[in-house]
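# Reading the structure
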Amino acid sequence: MRALLLGALLALVVVAAGCAEGAPDIFRPGGSAGEEIKTLSIQIFAILAVVLAVVWGLLAFVIIKYRRRPEAEVSQTRGNLTIEIVWTLIPAVIITVLLVLTVQTTKQIDLPDRGAQFTTVGHRWWWEFDFPDQGFKTANEVYVAAGRQTSIEVESVDVIHSFWVPQMGGKVDMIPGRVNHIRFVPLRKGEYLGECSEFCGQQHGKMRFLFVVVSTEEYSAWVHNQAEPAAQPTGAEAVAGGKLIQTIACGSCHTIRGTPAKGTFGPDLTHFGSRRGIAAYSLPNTPQNLLAWLQDPQAIKPECLMPTIPLPLREQQQLVAYLEELK
Ligand code: CUA
């Protein structure tokens, strides 16, 4: 009885752990692969629930019916060939059913190759989205059109990462020196959290991105805006920041198209101000957070590759004003 209670408690803990607040809910998928994975999960869950009910039911029955009696001698069934065959066959059949369902789902998820729209490159610890046909790169936030097959090439420049938008379904390893693919049809408009699902170092947990599913028109507008060069600063602070950024080292790691900044080591900042998050979507993109990030990136993401550039507060504020105007 104690074993039964302990088992039930453990199951409850496991279920509760999967429902953490704000976590992407794979039971509310937004993409084709996610739908198929959800269906498979429910099928497998149902089969295993039946197995669990039968096993625990038999266990409870035996515990209660055959509890210790003073005179009883336990009957021996060792070497019963029929029982041995039956309890080998039953699990074999169950596992075969699970295998067939899983292989079917894997085949359904695998869509035909119609050419990739963009390449996702994993970095420690952020995401680059490269649209070579449209001539722009962005970071940590990407848009796709609902109802249209999305095909993504995935690569990595340093260690193995893994591309995963839980509600779109499916994940794929990003391996240095290799190009992998992931394809699905985003079905429902919305903002979805993307994550790295392969442990890749100290900031693995803060390697996130925003995956935005919009209408075809909104997608075209986004692509059009991203392909434009950086906006000219207008506010006095931002103008000063725009001049300042050319005199310090930012441009050796970051690109801001339309300015001398052409570095490729860090995220492209051309439309930085339009993004919802900073530091690989680990903080909302607000002037306060950006200032804190510029003052001490290592405090927010220890071991990240963004250095601290010592500047007076005044100049830090000018940089923030400039970057936030890069819509
Ligand atoms: Cu990148 Cu974990």
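Refer to the structure above for everything that follows.
Remember, predicted model here, so these are calculated numbers, not experimental data.

Another aspect to go through is the pairing of strand 8 (residues 180-184). Counting buried positions along strand 8 gives 4 out of 5 residues, so the element sits mostly inside the fold. Relative to strand 8, strand 5 (residues 150-156) runs antiparallel, the two sharing 5 bridges. By the bridge assignment, Val 154 is partnered in strand 8 with Asn 180.

Further remarks concern the packing of helix 5 (residues 236-244) against helix 8 (residues 313-324). Here helix 5 crosses helix 8 at 100°, and the two axes come no closer than 7 Å. As far as their axial angle goes, helix 8 and helix 5 are roughly perpendicular. Touching Glu 237, Ala 238, Ala 240, Gly 241, Gly 242 and Leu 244 of helix 5 are Arg 314, Glu 315, Gln 317, Gln 318, Leu 319, Ala 321 and Tyr 322, all from helix 8. When its residues are assigned to classes, the contact of helix 5 with helix 8 shows 6 nonpolar, 4 polar and 3 charged.

Attention shifts here to the packing of helix 6 (residues 287-295) against helix 8. Following both chains from N to C, one finds helix 6 and helix 8 inclined at 125°, their axes separated by 10 Å at the closest point. If you check the angle between helix 6 and helix 8, you find them oblique. In the crossing of helix 6 with helix 8, the sense of the turn from one axis to the other is right-handed. Where helix 6 abuts helix 8, its residues Pro 287, Leu 290, Leu 291, Leu 294 and Gln 295 lie against Leu 313, Gln 316, Gln 317, Leu 319, Val 320, Leu 323 and Glu 324. Taken together, the residues that form the contact of helix 6 with helix 8 break down as 8 nonpolar, 3 polar and 1 charged.

Here we come to the pattern of salt bridges. Scanning the entire structure with this criterion turns up 9 salt bridges. With its nearest N and O atoms 3.3 Å apart, the salt bridge here joins Glu 141 to Arg 276. In this pair, Glu 141 sits in strand 4 (residues 141-145) while Arg 276 sits in the loop between helix 5 and strand 11 (277-278), placing the two residues 135 residues apart along the sequence. Judged by relative accessible area, Arg 276 falls into the partly exposed class, the value being 30%. Among the salt bridges present, the one from Arg 314 reaches Glu 237, with a minimum N-O distance of 2.8 Å.

A few words on helix 4 (residues 216-227). For helix 4, spanning 12 residues, the distance from its first C-alpha to its last is 17 Å, which sits close to the expected 16 Å at 1.5 Å a residue. Summarising the contacts, the buried residues of helix 4 are in contact with strand 2 (126-131), strand 3 (136-139), strand 4 and strand 10 (208-214).

Overall, mixed pairing links the 5 strands, which are arranged 4-10-9-6-7 in an open sheet. The sheet terminates laterally at strand 4 and strand 7 (171-174), the two strands that pair on one side only. Going from strand to strand, the sheet's axes swing by 25° on average, the running direction of each strand aside. Against the sheet, helix 4 contacts strand 4 and strand 10, and its axis sits at roughly 140° relative to strand 4.

Here we take up unusual backbone geometry. Note that the residue after Arg 124, namely Trp 125, is joined by a cis bond; omega there is -5°. Assignment of secondary structure puts Trp 125 in the loop between strand 1 (118-123) and strand 2.

Procedures and definitions
Residues numbered from 1 in each chain as written. Predicted model: local features only at pLDDT ≥ 70, side-chain atom pairs only at ≥ 80, totals over all residues. Heavy atoms only, no water. Buried < 20%, exposed > 50% of the residue type's maximum accessible area, 1.4 Å probe, protein only. Helix = DSSP H or I, 4+ residues; strand = E, 2+ residues; numbered from the N terminus. Pairing = 2+ DSSP bridges. Axes fitted to C-alpha atoms, helices over the stretch in contact; angles between N-to-C directions. Parallel < 35°, antiparallel > 145°, perpendicular 65-115°, else oblique. Contact = heavy atoms within 4.5 Å. Nonpolar A, V, L, I, M, F, W, Y, C, P; charged D, E, K, R; others polar. Left-handed = near helix turned anticlockwise from the far one by under 90°. Salt bridge = Lys/Arg side-chain N within 4 Å of Asp/Glu carboxyl O. Expected span 1.5 Å × (residues − 1).

Function cannot be inferred from these measures alone, as they are strictly geometric.
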